[in-house]
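Residue strings, one per chain:
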Amino acid sequence: MESNLIKPIDQKTSVFLVQFLGTPENKKRKGESGSNDNSSQSAMLYEKIRTALEYQEEHSIFKNAIARIINRKYTLNPTITPKNLALDLISELEWANYLNNETLSKEDYAGIEKIFTRYLTILKYTKSWHFNTLKVKRNIVNWLACEIDEFLNPDSKKELLIKFAYSILKDNINLKGTRITDEDNEIQIKLTIFSLLFKPDLASIQYWIIKKTTPNWSDFSPEEAKHFGSCVDINLNKINKVVRYRYKNNYQKVIKRNIAPFILIRELLQNNESNGTYYQNKPDSLHDTLMEIYDKMLLSAKEKIWRGTFRALIFIFITKISLAFILEIPIDRFFSVEIRYLSLVVNISFPPLLMLIAGTFIRTPAIKNKRIVSESVDSLIFEGKISDKSYPLVQKTEGSLTSIFNFLYGVFSILILAGTVRLLVYLHFSIISIVLFFFFVSAVSFFSFRIRNIALELVMKPGRDDNLTFILEFLFIPFVRIGKFISDKFADTNPFILALDFLIEAPLKIIMKILDSWFKFLRTKREEIDI
């Protein structure tokens, strides 16, 4: 580190610092409402329960709440006007303590209404011939939620960081043996960086792709909005082509091992008190600051593990108890007259216990990883690169050997699943109990996998797992894959959640709207008396 004190900062990094740390913060319109009336308290309580029932990343909760409100409002009243939809959304977000409408100006209301006008036009003319039209419309509502979230909580520095990371990491990828175009290569690298840095869900990824492939998306004329809706299949195919790109996983593997320094810069974005000029003049201070952030992130990673584990536990336990009374017990009594208490107890207790054990086994990066990250940060600051290595995007593989390994992996997976079924049958589980067991064990396995990835996001050189961890991962990989399949296919069509939204939330919000109007009327009368 002594020599670094006299080394000049790399020009590319220097320019980025001025742009990144010199860019003023965007106006944040998101914040607590501070309302304490009865309707608001009820909405806040409901929102906490509703959030617990649907496992989701913390940074997606606000956006998902917006999507849920809009989807319910639009489904119940497809002819709702942009103005009424905007007013209803802002009211419900304020009730749930997501938003303080006092921070919104007339221009903000007009901006939100303009966004709704464009999307409602698209929805009106959306007709799919190759996809389920209802699912397509739900997708569009999710993009709308992303844009409203972006409007209420703008962050221009995200794109600056993605562009900077792209300018560095593109040189570490060797495209030899592929026929990837420069355009596809650029968007895949940037999409992978976006995914690794900001952990977006599928809707956010699709919205990001739309903005990249349709530059005038935010300024669509009514005719352009109509055309997009009427040609929605073509547009969805373009998006899916990017999302399901052939070498998507290859990009993930290569970029993931070099993303840690940019994650540290992302954290600097969240709470920086210095400007770019300061770090330009004292680049060693930037290195020290980023490594301090690394230490803090390791500590917070442990908290994230247990917070994620606890939220998953609540989701699994509440959902499992509900399904036990709705499905498992009634079906058992109908077909076998008696309740099978062993399967009931195992199905209720085993998944949460497995989640708890899985949380215990999740580890943060090893000590030697800090040295590797420190060297990479040093290289980024003073040389404008992470390393000199060039990683082949497509690895040379021995075709026949790989095919044998894939076959053996498939056989072992089938044996694990078949053995589990055989054990459950031996324990006198009914068909519905077996299905629920697989569903929740798969959900736990997938949740654990996601939480583990969060804990290891700063790892640059993965170490070898101990024998016990290796065996457990081998046994549960089939369940992880089932859990991922369920999450991908049925995340937006959970009947339990849909029933909650329309049978409980819809009437609750109508009552709250009436109460809110009543309280405003009473305040007006009280002010008349005061006068």
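Summary of the structure given here.

Cut-offs used in this document
- Residues numbered from 1 in each chain as written.
- Predicted model: local features only at pLDDT ≥ 70, side-chain atom pairs only at ≥ 80, totals over all residues.
- Heavy atoms only, no water.
- Helix = DSSP H or I, 4+ residues; strand = E, 2+ residues; numbered from the N terminus.
- Buried < 20%, exposed > 50% of the residue type's maximum accessible area, 1.4 Å probe, protein only.
- Contact = heavy atoms within 4.5 Å.
- Polar contact = N/O pair within 3.5 Å; in protein donor to acceptor, adjacent residues only side chain to side chain.
- Axes fitted to C-alpha atoms, helices over the stretch in contact; angles between N-to-C directions.
- Left-handed = near helix turned anticlockwise from the far one by under 90°.
- Patch = residues over 30% accessible without salt bridge, like charges linked within 9 Å, V, L, I, M, F, W, Y side chains within 5 Å.
- Areas by Shrake-Rupley, 256 points an atom, 1.4 Å probe, with all protein chains shown as cover.
- Salt bridge = Lys/Arg side-chain N within 4 Å of Asp/Glu carboxyl O.
- Lys, Arg positive; Asp, Glu negative; His and termini not counted.
- Charge placed at Lys NZ, Arg CZ, Asp CG, Glu CD.
- Core = buried A, V, L, I, M, F, W, Y, C linked by side-chain atoms within 4.5 Å.
- Expected span 1.5 Å × (residues − 1).
- Parallel < 35°, antiparallel > 145°, perpendicular 65-115°, else oblique.
- Nonpolar A, V, L, I, M, F, W, Y, C, P; charged D, E, K, R; others polar.
- Phe/Tyr/Trp six-rings, centres within 6.5 Å; stacked < 30°, edge-to-face > 60°.

1. Quick notes on the overall build of the protein chain
Counting its secondary structure elements, the protein chain contains 21 helices and 2 strands. The burial tally for the protein chain puts 45% of its 531 residues in the buried class. The long-range share in the protein chain, meaning contacts at least 24 apart out of those at least 6 apart in sequence, stands at 85%.

2. Points about the environment of Thr-213
Among the secondary structure elements, Thr-213 is positioned in helix H9 (residues 202–213). Among the residues examined, Thr-213 registers a relative accessible area of 36% and is labelled partly exposed. Measuring from C-alpha to C-alpha, the distance between Thr-213 and Ile-239 comes to 8.6 Å, with 26 residues separating the pair along the chain. Here Ile-209 takes part through its backbone oxygen, which lies 2.8 Å from a polar atom of the side chain of Thr-213.

3. Quick look at the packing of helix H6 (residues 133–152) against helix H11 (residues 232–243)
At a closest axis distance of 12 Å, the pairing of H6 and H11 adopts a crossing angle of 65°. Between H6 and H11 the crossing geometry is left-handed. Of the residues in H11, those touching H6 at Val-136, Asn-139, Ile-140 and Trp-143 are Val-232, Leu-236 and Ile-239.

4. Observations regarding a positive patch on the surface
A contiguous patch of positive charge on the surface is contributed by Arg-257, Lys-368, Lys-389 and Lys-461. Secondary-structure assignment places Lys-461 in the loop between helix H19 (431–455) and helix H20 (467–490).

5. Thoughts on unusual backbone geometry
Residues other than glycine seldom take positive phi values, yet Lys-199 does so here, at roughly 45°. Following the sequence through the fold, Lys-199 ends up in the loop between helix H8 (182–198) and H9. For Lys-199, a relative accessible area of 26% gives the class partly exposed.

6. Points about the nonpolar core
Judged by nonpolar contacts, the single largest core of 100 residues is most densely connected at Ile-193 and Phe-262. With 9 residues, H6 is the single largest residue contributor to this core. Counting residues in hydrophobic clusters, the runner-up holds 25 residues, among them Ile-316, Ile-362, Leu-424 and Ile-434.

7. Description of a nonpolar patch on the surface
Together, Leu-401, Ile-404, Phe-405, Phe-407, Leu-408, Val-411, Phe-412, Leu-415, Phe-470, Ile-471, Phe-474 and Leu-475 make up a nonpolar patch on the protein surface, roughly 1100 Å² of accessible area in all. Looking at the nonpolar patch, the elements with two or more residues in it are helix H18 (399–426) and H20. A total of 8 residues in the nonpolar patch trace back to one element, the largest contributor, which is H18. Accessibility expressed as a relative area gives 36% for Leu-401, which makes it partly exposed.

8. Side note on helix H7 (residues 157–169)
Compared with an ideal rise of 1.5 Å per residue, which puts 13 residues at 18 Å, H7 spans 18 Å between its outermost C-alpha atoms and is within 8% of the ideal. Of the positions making up H7, those classed as buried are Lys-157, Leu-161, Ile-162, Phe-164, Ala-165, Tyr-166, Ser-167, Ile-168 and Leu-169.

9. Points about the packing of H8 against helix H12 (residues 248–256)
Between H8 and H12, the least distance of the axes is 10 Å, while the angle of their chain directions is 60°. Considering their axes alone, H8 and H12 lie oblique with respect to each other. Crossing of H8 over H12 shows right-handed handedness. Listed contacts from H12 to Asn-185, Gln-188, Ile-189, Thr-192, Ile-193, Ser-195 and Leu-196 of H8 are Lys-248, Tyr-251, Gln-252, Ile-255 and Lys-256. For the contact of H8 with H12, the per-class residue count stands at 5 nonpolar, 5 polar and 2 charged.

10. Concerning the pattern of salt bridges
Per the stated rule, a full pass over the model turns up 17 salt bridges. Residue Lys-226 pairs with Glu-223 through a salt bridge whose shortest N-O separation is 3.6 Å. Residue Lys-226 and its partner Glu-223 are both found in helix H10 (residues 222–230); the two are separated by 3 residues, about one turn of the helix. The class for Glu-223 is exposed, based on a relative accessible area of 55%. The partner of Asp-295 in a salt bridge is Lys-370, with the nearest N and O atoms 3.0 Å apart. Here Lys-370 lies in helix H17 (residues 368–383) and Asp-295 lies in helix H15 (residues 283–336), a separation of 75 residues in the sequence. Residue class for Asp-295 comes out partly exposed when judged on its relative accessible area of 33%.

11. A short note on the packing of aromatic side chains
Overall, the coordinates contain 16 aromatic pairs when judged by the stated rule. Ring centres of Tyr-119 and Trp-217 lie 5.7 Å apart, and the angle between their planes is 75°; on these two criteria the pair is classed as edge-to-face. Placement of Tyr-119 in helix H5 (residues 106–124) and of Trp-217 in the loop between H9 and H10 is noted, with a sequence separation of 98 residues between them. When sorted by exposure, Tyr-119 lands in the same class as Trp-217, which is buried. Ring pairs connect the aromatic residues Phe-350, Phe-429, Phe-437, Phe-438, Phe-476 and Phe-479, which therefore count as one cluster.

12. Quick look at the side chain of Ser-448
In this structure, Ser-448 sits in helix H19. A polar side-chain atom of Ser-448 sits 2.8 Å from the main-chain carbonyl oxygen of Val-444. In this structure, Ser-448 is in contact with Met-355, Ala-358 and Ile-362, ignoring residues within four places of it in sequence.

13. Things to note about the environment of Asn-249
Tracing the sequence through the fold places Asn-249 in helix H12. As for Asn-249 and Thr-192, which are separated by 57 residues in sequence, their C-alpha atoms are 9.2 Å apart.

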